[in-house]
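Inside the fold
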Amino acid sequence: MAGHSDIHEYLADFEDIPGTRVYTAARARKGYHLNQFAMSLMKPENRQRWLADERAYINEWPMTQEQREAVLARDYNRLLDLGGNIYFLAKVFSTDGLSFVQAVSTMTGMSVEDYQAMMVAGGRSPEGQRSIKGDS
Amino acid sequence: MAGHSDIHEYLADFEDIPGTRVYTAARARKGYHLNQFAMSLMKPENRQRWLADERAYINEWPMTQEQREAVLARDYNRLLDLGGNIYFLAKVFSTDGLSFVQAVSTMTGMSVEDYQAMMVAGGRSPEGQRSIKGDS
Amino acid sequence: MARITAGVASSHVPLLGVASDQGKDRDDYFGPIFAGYDWTREWIAKPENKPDVVILVYNDHASAFDMSIIPTFAIGCGERYAPADEGWGPRKVPDVEGHPDLAWHIAQSLILDEFDMTIINEMDVDHGLTVPLTMMYDKPDAWPVKVIPLAVNVVTYPPPSGNRCWALGEAIARAVNSFGEDLNVQIWGTGGMSHQLQGQRAGLINAEWDNMFLDKLIGDTQDLRHVPHIEYLRETGSEGIEMVMWLIMRGALGKSTKCLHRHYHVPCSNTAIGHIVLEPVDGSVPPSPTLEGNNEAAQAAI
Amino acid sequence: MARITAGVASSHVPLLGVASDQGKDRDDYFGPIFAGYDWTREWIAKPENKPDVVILVYNDHASAFDMSIIPTFAIGCGERYAPADEGWGPRKVPDVEGHPDLAWHIAQSLILDEFDMTIINEMDVDHGLTVPLTMMYDKPDAWPVKVIPLAVNVVTYPPPSGNRCWALGEAIARAVNSFGEDLNVQIWGTGGMSHQLQGQRAGLINAEWDNMFLDKLIGDTQDLRHVPHIEYLRETGSEGIEMVMWLIMRGALGKSTKCLHRHYHVPCSNTAIGHIVLEPVDGSVPPSPTLEGNNEAAQAAI
Ligand SMILES: [Fe+3]
Ligand SMILES: [Fe+3]
């Protein structure tokens, strides 16, 4: 792995990217049951039960109360902090009938319209977004 | 892999061992559903259904009729020829309450007593058992 | 003897599947994206180019594998694969037919070659695999090619290094070259290009970096095998890491490549679309450090 | 800093579990087998030897994995593992407690080191893992050690080569050495020795070969990494191939080893029982071809 001497250095770099949570082991462990809950929504029978009574369904999963509330509030940035991974969380917003653009825009603090306009204009520039410590 | 130039040569050697079926891809493919059937007996509820009506249970699995009959007859050498693997087949003889020694002895043409006596006396010698072509 | 005749790379954005399935693929938004695949659709339909088998490198997006099991490299040796239900019902596209003879041959060869493969006999395949088929083949009643799925973990860190992916490609080429049957085999690398689907930095696109990456897939440079993960993350967004999968495709094409077709478009959903068609020029790959030679005997034993 | 202090190898015959569970472990048949473990039980109970964590290399015998998925190397990163039901109900032994901190650290390090690991978070563990615990610890209410299961495919061909197993051991040693917490870590290799459970040749035992194998685990020879699979099959029976797993243990002990204890007995069921306790003398392992250096920062990030 060019540029890293060991796993510690490799992982430390990941904390230096603005507005980004890399799905490391630490996050995977924290979010384990949250992500497994989200995964369960791939089955139509589970989607039905979830849509009928979200709180009852989510209480069946061994997650923290904080994780449960963040799911119910569809607070995706919070869910990333709590160990959620976007591909797992996608089962939640897909069940809501939301597209990736709609769901992802909620994490940026922009309206869907502004976010889509930014994308059509070429997307968010990497300038100044590469590093927290540096400012390139 | 010392001693082999490619997968073909590697696999060809396996056909040269007396009284032995190496569990290669060819056998794994042939025995796929046979082994998955055997694996199902790890669940107590499946063991019960199997013990109550073996033929009805085995007919639910997409195996060849030849494989089904060999299971019902507990013909383990035949089952090896038909793609069975001993660790999967072990679920069948374990469900019958047989030990590995009892089941394995049936494949050697020896009585359990003679087989056990051979083991206690140091087991089967590899002399003359290493190669079909050679006779070492 | 089987041979790898071409390498194809393509983004696999789920929205492209939706656009195709709902007949929106030629509207104002999607038209320019799909137009960039017209050349490839025509090329791949010609008898001299038509692959018998595609080795399709993709990643599973929490569809076949949940968090209970995370294989780094998983090769599909099964007979067929159904489209996965990703939360809105399975795509109404044909099942994917496998090629177990070649897949098992490759799997066995790779393990002897010291790649620690996970063999998969049953799984559903998600947009990562079905969208590239749509882009290349439109809407047939049955996919006109057999597919060997090669699923790479690029979700939970660390994914395999670029160097490991390139080396896997080289080992795949050795394996294909030692398969006795006469088959036209393509290898596809999918995912990317720059995109970030999460957090405040979502929507990041880096056209300059993406085009540098496309440039370096062509010719004989091996620079890309040394790009560290952190560079993908910083420069191309957190999901840009999917591009390491393209290096398996590139590695399998050998020493030097020629570009037949290239397409780049921003945006599709949150993503920069990239697509390239490559042909091996000098398709030689280094010999295996562990397995030498190459005989065709004993094929029947597989 | 964590360190590998010893390597233990042992057969894992299911009948040994039965004997222990039914209190037959000191009868005429089993007595001589278990007697050979008395030294080890005393040794491992001493505070200076007691491991905090065991990396337990074993193979799953169609228990956790059926034919739908076959990982070459699978590392357990979960919190705990229950004994599997192998067809006669689960063994009534304690659950096995994992060490997810160290396991994830090793898993991540191995992937960066270009081993293509499968990460497992949930699985049951069969006799391959629980029988060695019984042999070393008898019948405690809870296992006095945390366990990182490392499951190796030795059932469907090809298993990993001896060379690959040895190299994996070396990479495990590098990973353990870079873990910040002060831990006494042992590595156990299980399975073997000579046995064949199938066909007309069943019951094969090769005491001479087995003892050559034991001899070559000691000192600084690396001959065993080059023994091809076919030699295990011809010389030690079709299930003797399990001995490749001992090479992961041996590789992790580094350049040179000293033998503390050795035991060999024929038969147990269909099998030759082998057991050895090794200590690293010069525990140095070659540096990684892909990862260099060794700093302790950022441990908190795992
Ligand atoms: Fe993707
Ligand atoms: Fe075993």
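Structure's up top.
Residues numbered from 1 in each chain as written. Chains lettered and ligands numbered in written order. Predicted model: local features only at pLDDT ≥ 70, side-chain atom pairs only at ≥ 80, totals over all residues. Heavy atoms only, no water.

1. Considering the interface of chain D and chain B
- Listed per partner, the contact involves 48 residues of chain D and 52 residues of chain B.
- At the junction of chain D and chain B, the tally comes to 3 salt bridges.
- Across the salt bridge formed by Glu235 of chain D and Arg130 of chain B, the nearest N and O atoms sit 2.8 Å from each other.
- Inspection of the region where chain D meets chain B yields 26 residue pairs in polar contact (both at pLDDT 80 or more).
- Those elements that place two or more of their residues in the side of chain D that touches chain B are helix H8 (229-236) and strand S10 (256-268) of chain D.
- Looking at the side of chain D that touches chain B element by element, the count peaks at 5 residues for H8 of chain D. (Contact = heavy atoms within 4.5 Å. Salt bridge = Lys/Arg side-chain N within 4 Å of Asp/Glu carboxyl O. Polar contact = N/O pair within 3.5 Å; in protein donor to acceptor, adjacent residues only side chain to side chain. Helix = DSSP H or I, 4+ residues; strand = E, 2+ residues; numbered from the N terminus.)

2. Here's the deal with the coordination of the iron ion (ligand 1)
Residues and elements named next belong to chain C.
- Taken together, His12 (NE2), His61 (NE2) and Glu242 (OE) make up the protein donors of the iron ion (ligand 1), found 2.0 to 2.1 Å from the metal.
- Overall, the relative accessible area of 3% leaves His12 in the buried class.
- Since its relative accessible area comes to 2%, Glu242 is described here as buried. (Donors = N, O, S within 2.8 Å, 3.2 Å for Na, K, Ca; no water. Buried < 20%, exposed > 50% of the residue type's maximum accessible area, 1.4 Å probe, protein only.)

3. Some points on the coordination of the iron ion (ligand 2)
Residue and element names in this part refer to chain D.
- Binding of the iron ion (ligand 2) to the protein goes through His12 (NE2), His61 (NE2) and Glu242 (OE), at separations of 2.0 to 2.1 Å.
- All donors to the iron ion (ligand 2) come from one chain, and their sequence spacing reads H-x48-H-x180-E. Here His61, found in the loop between strand S2 (53-58) and strand S3 (69-71), pairs with Glu242, found in the loop between H8 and helix H9 (244-252); they are 181 residues apart in sequence, far enough to count as distant.

4. Quick look at the side chain of Asp60 of chain D
- Locating Asp60 of chain D in the fold gives a position in the loop between S2 and S3.
- The buried charged residue Asp60 of chain D lacks any salt bridge partner; its closest oppositely charged side chain belongs to Lys91 of chain B, at an N-O distance of 7.2 Å.
- Here Ala62 of chain D takes part through its backbone nitrogen, which lies 3.4 Å from a polar atom of the side chain of Asp60 of chain D.
- Within polar-contact distance, the side chain of Asp60 of chain D engages the backbone nitrogen of Ser63 of chain D at 2.9 Å.
- Setting aside anything within four residues of it in sequence, one finds Asp60 of chain D in contact with Phe65, Asp126 and Val155 of chain D. (Lys, Arg positive; Asp, Glu negative; His and termini not counted.)

5. What to know about the interface of chain D and chain C
- Taken together, the 29 residues of chain D in the interface contact 29 residues of chain C.
- Taken together, the two surfaces of chain D and chain C that pack against each other cover about 2,400 Å², and 53% of this comes from carbon and sulfur.
- Among the residues of chain D in contact with chain C, Glu114, Asp116 and Pro158 of chain D are the three that bury the most area, contributing 25% of the side total.
- At the boundary of chain D with chain C, the tally comes to 2 salt bridges.
- Here Asp116 of chain D and Arg164 of chain C are joined by a salt bridge, their closest N and O atoms 2.7 Å apart.
- Here chain D is connected to chain C by 18 residue pairs in polar contact (both at pLDDT 80 or more).
- The set of elements that each furnish at least two residues to the side of chain D that touches chain C consists of S3, helix H4 (100-112), strand S7 (118-120) and helix H6 (162-177) of chain D.
- With 4 residues, the top contributor of residues to the side of chain D that touches chain C is H4 of chain D.
- Per-class residue counts for the side of chain D that touches chain C are 17 nonpolar, 8 polar and 4 charged.
- Looking at chain direction, strand S3 (residues 69-71) of chain C and S7 of chain D are connected through 3 bridges and run antiparallel. Within S7 of chain D, the residue paired with Ile70 of chain C across the bridge is Ile119 of chain D. (Buried area = accessible area lost by both parts, 1.4 Å probe. Nonpolar A, V, L, I, M, F, W, Y, C, P; charged D, E, K, R; others polar. Pairing = 2+ DSSP bridges.)

6. Focus: the packing of helix H1 (residues 14-21) of chain C against helix H5 (residues 127-137) of chain C
Residue and element names in this part refer to chain C.
- Remark: H1 packs on H5, axes separated minimally by 9 Å, with the N-to-C direction vectors making an angle of 50°. Put simply, H1 runs oblique to H5. Considering only the axes of H1 and H5, their crossing is left-handed. Contacts from Pro14, Leu16, Gly17 and Ser20 of H1 reach H5 at His127, Val131, Thr134 and Met135.
- Classifying every residue of the contact of H1 with H5 by side-chain character gives 4 nonpolar, 4 polar and no charged. (Axes fitted to C-alpha atoms, helices over the stretch in contact; angles between N-to-C directions. Parallel < 35°, antiparallel > 145°, perpendicular 65-115°, else oblique. Left-handed = near helix turned anticlockwise from the far one by under 90°.)

7. Remarks on the environment of Ile70 of chain C
- Summarising the element assignment, Ile70 of chain C is placed in strand S3.
- With 42 residues separating them in the primary sequence, Ile70 of chain C and Asp28 of chain C have C-alpha atoms 39 Å apart.
- Excluding residues that lie within four positions of it along the chain, Ile70 of chain C makes contacts with Asn153 and Thr156 of chain C together with Trp104, Met117, Thr118, Ile119 and Asn121 of chain D.

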